[in-house]
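Listed below are the residues making up each chain.
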Amino acid sequence: MAFKSSTKPQEMQQQQHAQPLQQDLLASSQPKPSHPPDSSNHVLQAFALPVLQIVHETLQSWARGAAIAANTPMVSCSSSRRCELNAEDRDSFFSIKDGVLCQCRQEKSWGGARATLGAFAGKVYYEAEVQDEGLCRLGWSTLAASYDIGTDRHSFGYGGTGKKSHARRFNTYGEECKQGDVIGCLLDGDQGTLAFSKNGRVFPVAFELPQYLRGQVLYPAICLKNAQMRINFGQEPFRCGPPPGYVGIANASADVTRDAATAVAAAASNSTDRQPLCIVLEPSRCVGCRS
């Protein structure tokens, strides 16, 4: 008589116990992270992507400037050159209409812009009418300056609160201005001086240009905080000026002025060393550290 083996059920039971054990061993052999997932990628995206966007927009602006310069004919010294607020050289929340009417309705931030034409010599003038009770500041700046004029080494401003400013130094100057007043801005590129006026009354010299800005192109610049102004560069008769010896910058000789598009294109073409526009540093953490 044949007998069935009694060991088979035991083997099956052992195999059933062995399967969970193998799964546990397999799971334990997998590497485990020593700390929670790093959030540096989120930080990198939050900070690096906006910087890259700014660089991209800057390169686009340079390309547009080069294209404009390449298609702009030379203007004779006796011709009137178009001067207006530059829609390509402004804060995003600074509004421009018809090249001369400007507005910024931010209540906590200054918004500004520069003109399309600047001067490096001669005596030039422009004026602006205050059209409401907001804060305004206007003057002159290089293309390297902040739109918040008077807060760096490359710009000079005079505000409606009766203050002049340069390199973030604000000093009492002239008079306060109100709605309906006309502020005049005078640049003497030959003597290297800047002055301002109110309703035709010229105040004493406000600034003498430092040596590093002598001969540099200075552009009319305006910044506003919850305010509106209308600018006259000489494209129409002035209400209050210019003083004797000065001309509206729009009517100044091409020998002493330069348009922004040409200046930007020249700067881009002369950048043969291809210096970086920005450096992005990726956040990191030490190995084995826990946050």
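Note that the structure is predicted; figures quoted are calculated from it, not measured.

Calculation criteria
Residues numbered from 1 in each chain as written. Predicted model: local features only at pLDDT ≥ 70, side-chain atom pairs only at ≥ 80, totals over all residues. Heavy atoms only, no water. Core = buried A, V, L, I, M, F, W, Y, C linked by side-chain atoms within 4.5 Å. Buried < 20%, exposed > 50% of the residue type's maximum accessible area, 1.4 Å probe, protein only. Helix = DSSP H or I, 4+ residues; strand = E, 2+ residues; numbered from the N terminus. Salt bridge = Lys/Arg side-chain N within 4 Å of Asp/Glu carboxyl O. Pairing = 2+ DSSP bridges. Axes fitted to C-alpha atoms, helices over the stretch in contact; angles between N-to-C directions. Polar contact = N/O pair within 3.5 Å; in protein donor to acceptor, adjacent residues only side chain to side chain. Contact = heavy atoms within 4.5 Å. pLDDT = per-residue confidence, 0-100. Phe/Tyr/Trp six-rings, centres within 6.5 Å; stacked < 30°, edge-to-face > 60°. Lys NZ or Arg CZ within 6 Å of the ring centre and 35° of its normal.

Draft legend 1. Quick peek at the nonpolar core. By size, the foremost hydrophobic cluster in this structure holds 47 residues, and its most contacted members are Ile222 and Met229. Ranked by residues supplied to this core, first place goes to strand β6 (residues 123-130) with 5 residues.

Draft legend 2. The pattern of salt bridges, seen in detail. As enumerated under the stated definition, the model contains 10 salt bridges in all. Taking the shortest distance from any N to any O, the salt bridge between Asp89 and Arg114 comes out at 2.9 Å. Of this pair, Asp89 sits in strand β1 (residues 85-90) while Arg114 is found in strand β4 (residues 111-115), placing the two residues 25 residues apart along the sequence. For Asp89, a relative accessible area of 10% translates into the label buried. The salt bridge involving Glu129 is made with Arg239; its shortest N-O contact spans 3.6 Å. In this pair, Glu129 is assigned in strand β6 and Arg239 in the loop between β16 (227-232) and β17 (247-248), connecting sequence segments 110 residues apart. Residue classification places Glu129 among the partly exposed positions, given a relative accessible area of 24%. A relative accessible area of 54% places Arg239 in the exposed class. If you follow the salt bridges from partner to partner, you end up with Glu175, Lys178, Asp181, Lys198 and Arg201 in one network.

Draft legend 3. Fine view of the pairing of β6. Most of β6 sits out of view: 6 of its 8 residues are buried. The sheet contact formed by β6 and β17 spans 2 bridges and is parallel. Bridged to Val124 within β17 is Val247. Alignment of β6 against β16, held across 4 bridges, turns out to be antiparallel. Counterpart to Glu129 in the pairing with β16 is Arg230.

Draft legend 4. Here's a closer look at the sheet that holds β4. Here 7 strands make up an open sheet; going across it, the order is β1-β4-β15-β7-β8-β9-β10 and the pairing antiparallel. At either end of the open sheet lies a strand with only one pairing partner, and these are β1 and β10 (169-172). On average, adjacent strands in this sheet sit at an angle of 30° to one another, irrespective of strand direction. Where strand β7 (residues 135-141) lies against strand β15 (residues 219-225), 7 bridges are found, and the strand directions are antiparallel. Directly across from Leu135, in β15, lies its bridge partner Lys225.

Draft legend 5. Structural context of the side chain of Ser155. The topology assignment puts Ser155 in strand β8 (residues 155-159). For Ser155, a relative accessible area of 0% puts it in the buried group. A polar side-chain atom of Ser155 sits 2.7 Å from the main-chain amide nitrogen of Gly150. Polar contacts involving the side chain of Ser155 include one to the side chain of Asp152, which spans 2.9 Å. In this structure Ser155 touches Trp140, Ser141, Ala145, Ile149, Gly150, Ser165, His166 and Ala167, once residues within four positions along its chain are discounted.

Draft legend 6. Quick peek at unusual backbone geometry. Following Gly241, the chain continues to Pro242 via a peptide bond in cis, the omega torsion being 0°. Mapped onto the fold, Pro242 is located in the loop between β16 and β17. For Ala167, which is not glycine, the phi dihedral falls at a positive 55°. Its place among the elements puts Ala167 in the loop between β9 (163-166) and β10. One non-glycine residue, Asn226, adopts positive backbone phi at about 50°. Along the chain, Asn226 turns up in the loop between β15 and β16. Taking the relative accessible area as the measure of exposure, Asn226 reaches 29% and is therefore partly exposed.

Draft legend 7. Fine view of the confidence of the model for the protein. For the protein, per-residue confidence averages 81 on the pLDDT scale, and residues scoring 70 or more make up 65% of the total. Under a pLDDT of 50 for its full length, residues 1-9 has, in the predicted model, 0 contacts with residues more than four places off or in other chains. Low confidence marks residues 67-79, where pLDDT is under 50. Its contacts with residues over four positions away, or in another chain, come to 10 contacts.

Draft legend 8. Examining the packing of aromatic side chains more closely. Under the counting rule described, the total for this entry stands at 9 aromatic pairs. Their ring planes at 55° and their centres at 5.1 Å tell us that Phe156 and Phe207 sit as a pair that is tilted. Of this pair, Phe156 sits in strand β8 while Phe207 sits in strand β14 (residues 207-208), and the two are 51 residues apart along the sequence. Residue Phe156 shares its accessibility class with Phe207, and that shared class is buried. Centroid distance Tyr158 to Phe196: 5.3 Å. Interplanar angle 40°. Geometry classified as tilted. Here Tyr158, found in strand β8, pairs with Phe196, found in strand β12 (residues 193-198); they are 38 residues apart in sequence, far enough to count as distant. In this pair, the class of Tyr158 matches that of Phe196, namely buried. Ring-pair connections join several aromatic residues into one group, and the members of that group are Tyr158, Tyr173, Phe196 and Phe203. Sitting over the ring of Trp110, Arg137 keeps its end group 4.2 Å from the ring centre.

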